[in-house]
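Chain residues, written in single-letter form:
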Amino acid sequence: MTQIKSFRDLLVWQKSMSLVTSIYQLTRDFPHSEMFGLTSQLRRASISIPSNIAEGYGRNTSKDYLRYLQIALGSLYEIQTQLEIASNLHFLEIFDFNKMISLCLEIERMLTSLIAKIRAKIA
């Protein structure tokens, strides 16, 4: 088992970074009229996930870390909702939608597991 020396070593952070890249690539093809709407919302929410994982990791207490992980999870739920909206508006192909939702669900499982471990630690 690899020792975690930095937030960069966390697989959930790495997967979240991949999500950001994928969101940026997908939203390039969204209608220009969505630049300040759905495109912006998806991009900001995606950036929030690895950013909050990293910021929480750097905090001094497990309680603070837990709070930032919960914020990251909330942003992930926001993305899942926005992807549904984008799909309903036919901004995404079904293949891309399914691929993105699968990645989101994988990150969700990882985050909820990490949250549970932190909760157990502080209980």
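Note that the structure is predicted; figures quoted are calculated from it, not measured. (Residues numbered from 1 in each chain as written. Predicted model: local features only at pLDDT ≥ 70, side-chain atom pairs only at ≥ 80, totals over all residues. Heavy atoms only, no water.)

Attention shifts here to the overall build of the chain. When you go through the chain residue by residue, the secondary structure sums to four helices and zero strands. Its helices and strands taken in sequence order, the chain reads α-α-α-α from the N to the C terminus. Relative to a compact globule of 123 residues, whose C-alpha radius of gyration would be 14 Å, the chain shows 15 Å and is just as compact. Taken over 123 residues, the chain has a buried fraction of 45%. Restricting to contacts in the chain with at least 6 residues of sequence separation, those with at least 24 account for 71%. Carbon and sulfur atoms provide 54% of the accessible area of the chain, an area that totals close to 7400 Å². The average position of the 14 basic charges and that of the 11 acidic charges among the side chains of the chain differ by 11 Å. (Helix = DSSP H or I, 4+ residues; strand = E, 2+ residues; numbered from the N terminus. Rg over C-alpha atoms; globule rule 2.2 N^0.38 Å. Buried < 20%, exposed > 50% of the residue type's maximum accessible area, 1.4 Å probe, protein only. Contact = heavy atoms within 4.5 Å. Areas by Shrake-Rupley, 256 points an atom, 1.4 Å probe, with all protein chains shown as cover. Lys, Arg positive; Asp, Glu negative; His and termini not counted. Charge placed at Lys NZ, Arg CZ, Asp CG, Glu CD.)

Remember, this is a structural readout, not a statement about activity or role.
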